[in-house]
Amino acid sequence: MSRRNDRVQAAIFDPNKLAPTYPESAITKPFPFNAFYSMDEAPRVDPATYKLELGGLIRERSPWTLEQLYGLPQASQITRHICVEGWSAIGKWSGVTFRTFLERIGADLTAKYVGFKCADKYYSSIDMATALHPQTQLTFRFADEILPAAYGFPMKLRIPTKLGFKNPKHI
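Bear in mind that the values here come from a model prediction, so they are computed numbers and not experimental data.

Asks: Whenever I open this one, the pairing of strand β5 (residues 137–142) confuses me. Can you help?
Replies: Two faces belong to every sheet, and in a regular strand the side chains alternate between them. Of all six residues in β5, five are buried, a share of seventy percent or more. The pairing of strand β2 (residues 88–97) with β5 spans five bridges and is classified as antiparallel. Bridging across to β5, Ser94 finds its partner in Arg141. Pairing analysis gives three bridges linking β5 to strand β7 (residues 156–158), with the strands arranged antiparallel. In the strand pairing of β7, Thr139 is matched with Lys156. Here β5 runs beside strand β6 (residues 145–146); their pairing, made up of two bridges, is antiparallel. Residue Arg141 lies in a different strand from β6, and its bridge partner there is Ile146. The turn joining β5 and β6, which pair antiparallel and follow one another in sequence, is formed by two residues; a positive phi near 55° is taken by Ala143.

Structure below.
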C-alpha cells in the first residue's frame, strides 16, 4: 500500500507549483506552538557544540556547525503552516533552500527520499521531489529572530506544500 501511496503522491505533486505567500501584515501573532510534547519540554540544543551529522547518498559527509549553516545564502518566505489537527497560521521563515544545501553536500538528487533524525526523537522522511521544491527550506530564523526552541531550534525543515507534521523540527 505504501508504494501505491507513493505513486499517487508523485502523480499529483507538482514540483513547480508554489504554495501561496503572504504580506507581513498577514502574519499570525502569536504563532501557535504545536508538538507531541509541551513547550517546556522542547529540546534545548547547545549552539556552541551543535553539529549537523550527514549520511547516505552524499559526497561531503563532514558535520556542519551552525556558523557554517548560517553562512549559506538565505531568503525569507511568508507562508501558511497547516496543521493536521485542523488549524493553520502564517509565519515568516528564513533559511537556505534545501536544494541548495543538497547540492552543496553533493547529494544524489535521484535518490527517492531524504530522512531526518531530530533532537525531539522525531524521525521523518520526504520524497526527493518535495526536497527539491523551490520553497522547501532549512529554516534557521522565525520572524527575523534565531529560531526559538518552541519552533525547532537549531533548525527545522519548512515545507509549505505539505502538512505541518512533515516539517521536522530540532534537526
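Asks: Whenever I open this one, the pairing of strand β4 (residues 123–127) confuses me. Can you help?
Replies: Pairing geometry for strand β3 (residues 113–117) and β4, over five bridges, is antiparallel. Bridge assignment links Tyr113 to a residue of β4, and that residue is Asp127. In textbook terms, the turn of a hairpin is the stretch between consecutive antiparallel strands, and for β3 and β4 this stretch comprises five residues, one of which, Lys121, has a positive phi near 70°.

Asks: Explain the layout of surface pockets here, please?
Replies: Space left empty within the atom packing is revealed by a probe, the size of a water molecule, rolled over the atoms. Size it by volume and the largest pocket reaches roughly 640 Å³. Taken together, 29 residues form the lining of the largest pocket, with Glu53, Leu54, Gly55, Gly115 and Phe116 sitting closest to its centre. In terms of residue count, the dominant contributor to the lining of the largest pocket is β3 (five residues). A per-class count over the lining of the largest pocket returns 21 nonpolar, four polar and four charged.

Asks: Would you mind going over a positive patch on the surface with me for this structure?
Replies: Side chains of Arg3, Arg4, Arg7 and Lys112 sit close together on the surface and give a patch of like positive charge. You can see Arg7 is positioned in helix α1 (residues 2–12).

Asks: Can you help me understand unusual backbone geometry in this one?
Replies: Most peptide bonds are trans, and most residues other than glycine sit at a negative phi. For the bond from Lys29 to Pro30, the omega torsion is -5°, close enough to zero to count as cis. Structurally, the position occupied by Pro30 is in the loop between α1 and α2 (66–70). Along the chain, Phe153 connects to Pro154 via a cis peptide bond; the corresponding omega equals 10°. Relative to the assigned elements, Pro154 resides in the loop between β6 and β7. Phi is positive for Lys121, which is not a glycine, with a value near 70°. Here Lys121 is to be found in the loop between β3 and β4.

Cut-offs applied
Residues numbered from 1 in each chain as written. Predicted model: local features only at pLDDT ≥ 70, side-chain atom pairs only at ≥ 80, totals over all residues. Heavy atoms only, no water. Buried < 20%, exposed > 50% of the residue type's maximum accessible area, 1.4 Å probe, protein only. Helix = DSSP H or I, 4+ residues; strand = E, 2+ residues; numbered from the N terminus. Pairing = 2+ DSSP bridges. 1 Å grid on protein atoms, 1.4 Å probe; cavity = no way out; pocket = protein on both sides within 12 Å on 5 of 7 lines; lining within 4 Å. Points joined across faces, edges and corners; volume = space filled by probe spheres on them. Nonpolar A, V, L, I, M, F, W, Y, C, P; charged D, E, K, R; others polar. Patch = residues over 30% accessible without salt bridge, like charges linked within 9 Å, V, L, I, M, F, W, Y side chains within 5 Å. Areas by Shrake-Rupley, 256 points an atom, 1.4 Å probe, with all protein chains shown as cover. Salt bridge = Lys/Arg side-chain N within 4 Å of Asp/Glu carboxyl O. Lys, Arg positive; Asp, Glu negative; His and termini not counted. Charge placed at Lys NZ, Arg CZ, Asp CG, Glu CD.

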